[in-house]
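So the chains spell out like this:
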Amino acid sequence: MTKSRDRILELFRLAAGRYLSGEDICRDLGITRTAVWKQVRQLRDLGYEIEATPSRGYRLQTKPDTLIPSEVAAGLATDVVGGNIVFLPETDSTNTQARQLAEEGAADGTVVIADQQRQGKGRMGRFWVSPAGVNLYLSVVLRPRIQLRHATQLTFLTAVAVAEAIEATGDLQPQLKWPNDVLLHGKKVAGLLNELNAETEQIHYMILGIGVNLNMTREQFPADLRTPATSLLIEAGQKVSRLEFARLLLQKIDGLYKVYREDGFAPILRSWEERCRMLGRKVEVDYQHSRVTGIVKGLDEAGALLLTRADGGEERVVAGDVRLFPEGD
Ligand code: BTN
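Residues numbered from 1 in each chain as written. Predicted model: local features only at pLDDT ≥ 70, side-chain atom pairs only at ≥ 80, totals over all residues. Heavy atoms only, no water.

A. Quick look at the layout of surface pockets. Considered as a void within the structure, the largest pocket measures approximately 940 Å³ in volume. Around the largest pocket, the lining is made up of 45 residues, and of these Arg126, Asp181, Lys188, Arg226 and Thr227 lie nearest the centre. When residues of the lining of the largest pocket are traced back to their parent elements, those giving at least two are helix 5 (94-103), strand 5 (136-142), strand 7 (181-184), strand 8 (187-199), strand 9 (202-212), strand 10 (282-287) and strand 14 (321-324). Within the lining of the largest pocket, the residues separate by chemical class into 18 nonpolar, 14 polar and 13 charged. (1 Å grid on protein atoms, 1.4 Å probe; cavity = no way out; pocket = protein on both sides within 12 Å on 5 of 7 lines; lining within 4 Å. Points joined across faces, edges and corners; volume = space filled by probe spheres on them. Helix = DSSP H or I, 4+ residues; strand = E, 2+ residues; numbered from the N terminus. Nonpolar A, V, L, I, M, F, W, Y, C, P; charged D, E, K, R; others polar.)

Take a look at the structure:
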């Protein structure tokens, strides 16, 4: 069924706005006219506007902004990421689903996308607000051949990919905040939650979980959010195609993953630092009931934050919530 639907969508793409005769579709797919009509009805239910004229056939007028795999894969130029795409109209969490697929042997680069999540997972056991139809929630399964202590490098890679994808959609200039927030005008627009399955030194798989607020309106954000949040729509005043953004993001991840495999972490770290507004600034980091304050010196190769304390000593922080002091403080 899905195969027939995907083929009809492909025929519409090739027809580029022209009519397709019912007979041609029947012949191409090897199905009856009634079966074609049934597929067209199902596509209409998904939001595709398809004109049907007895004398001329079918013509695709408009497409909805859905993230079905054949649409995301159409024209997707990647080596590894997105070779296999799974779309779930509704799920608990794409990270949970991706983890399950990885356990079942899903290939390197498998992507799980959801229209909405009932239990979107955020960092530190928090909840990620995931309403339907507006944002992007996706998880990528990777099986990198790297040392376990370098796994966090892929979080920085993902953050740079999200920032580059946002930059490519218009005039916005995202900033990166340690460890893995993407901000627009100081408010969080995307969050990353990477999960790992490893044994001693060997990584079995990693799940790169990415949530990007694309078309969420102010009213859709809960009033009691811990961190001020925003969306591309709020910041740019324009709707973003989820489909185009998803494709762009997968291409950015794939491209940076190639750079990482060939040239290591240094170029990724440089791109991350270029977009980080914390270098040289005074910060306070909270982690599990302890608090440390210092000036940000940079990151080490494991992605840990290096701080210089007021007493001149150095502090290496591996996780936590960061608060920036106002400049000049
Ligand atoms: C954060 O707290 O900043 C991380 C948020 C990560 C949210 C994304 S949405 C897709 C993927 N599935 C989840 O359940 N979480 C991540």
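B. Representation of the sheet that holds strand 11 (residues 290-299). Overall, antiparallel pairing links the 5 strands, which are arranged 13-12-11-10-14 in an open sheet. Unpaired on one side and paired on the other, strand 13 (314-317) and strand 14 mark the two borders of the sheet. Strand-to-strand twist across the sheet, computed as the mean angle between neighbouring axes with direction ignored, equals 45°. Pairing of strand 11 with strand 12 (residues 305-308), which is carried by 4 bridges, proceeds in the antiparallel orientation. In the strand pairing of strand 12, Leu299 is matched with Leu305. (Pairing = 2+ DSSP bridges. Axes fitted to C-alpha atoms, helices over the stretch in contact; angles between N-to-C directions.)

C. Layout of the packing of aromatic side chains. Summed over all chains, the structure comprises 3 aromatic pairs. The interplanar angle of 20° and the centroid separation of 6.4 Å between the aromatic rings of Trp37 and Tyr58 together place this pair among those described as stacked. Of this pair, Trp37 sits in helix 3 (residues 33-45) while Tyr58 sits in strand 2 (residues 57-62), and the two are 21 residues apart along the sequence. By relative accessible area, Trp37 is classed as partly exposed at 32%. Residue classification places Tyr58 among the buried residues on the basis of a relative accessible area of 10%. With a centroid separation of 5.2 Å and an interplanar angle of 80°, the aromatic rings of Phe156 and Trp272 are classed as edge-to-face. With Phe156 in helix 6 (residues 153-169) and Trp272 in helix 9 (residues 266-274), this pair connects stretches of sequence that are 116 residues apart. Here Phe156 matches Trp272 in class, with each residue buried. Among the aromatic residues, those joined into a cluster by ring pairs are Phe156, Phe265 and Trp272. Arg261 extends its terminal NZ or CZ atom over the ring of Tyr257, reaching a point 4.7 Å from the ring centre. The lysine or arginine in question, Arg323, covers the ring of Phe325, its NZ or CZ lying 4.7 Å from the ring centre. (Phe/Tyr/Trp six-rings, centres within 6.5 Å; stacked < 30°, edge-to-face > 60°. Buried < 20%, exposed > 50% of the residue type's maximum accessible area, 1.4 Å probe, protein only. Lys NZ or Arg CZ within 6 Å of the ring centre and 35° of its normal.)

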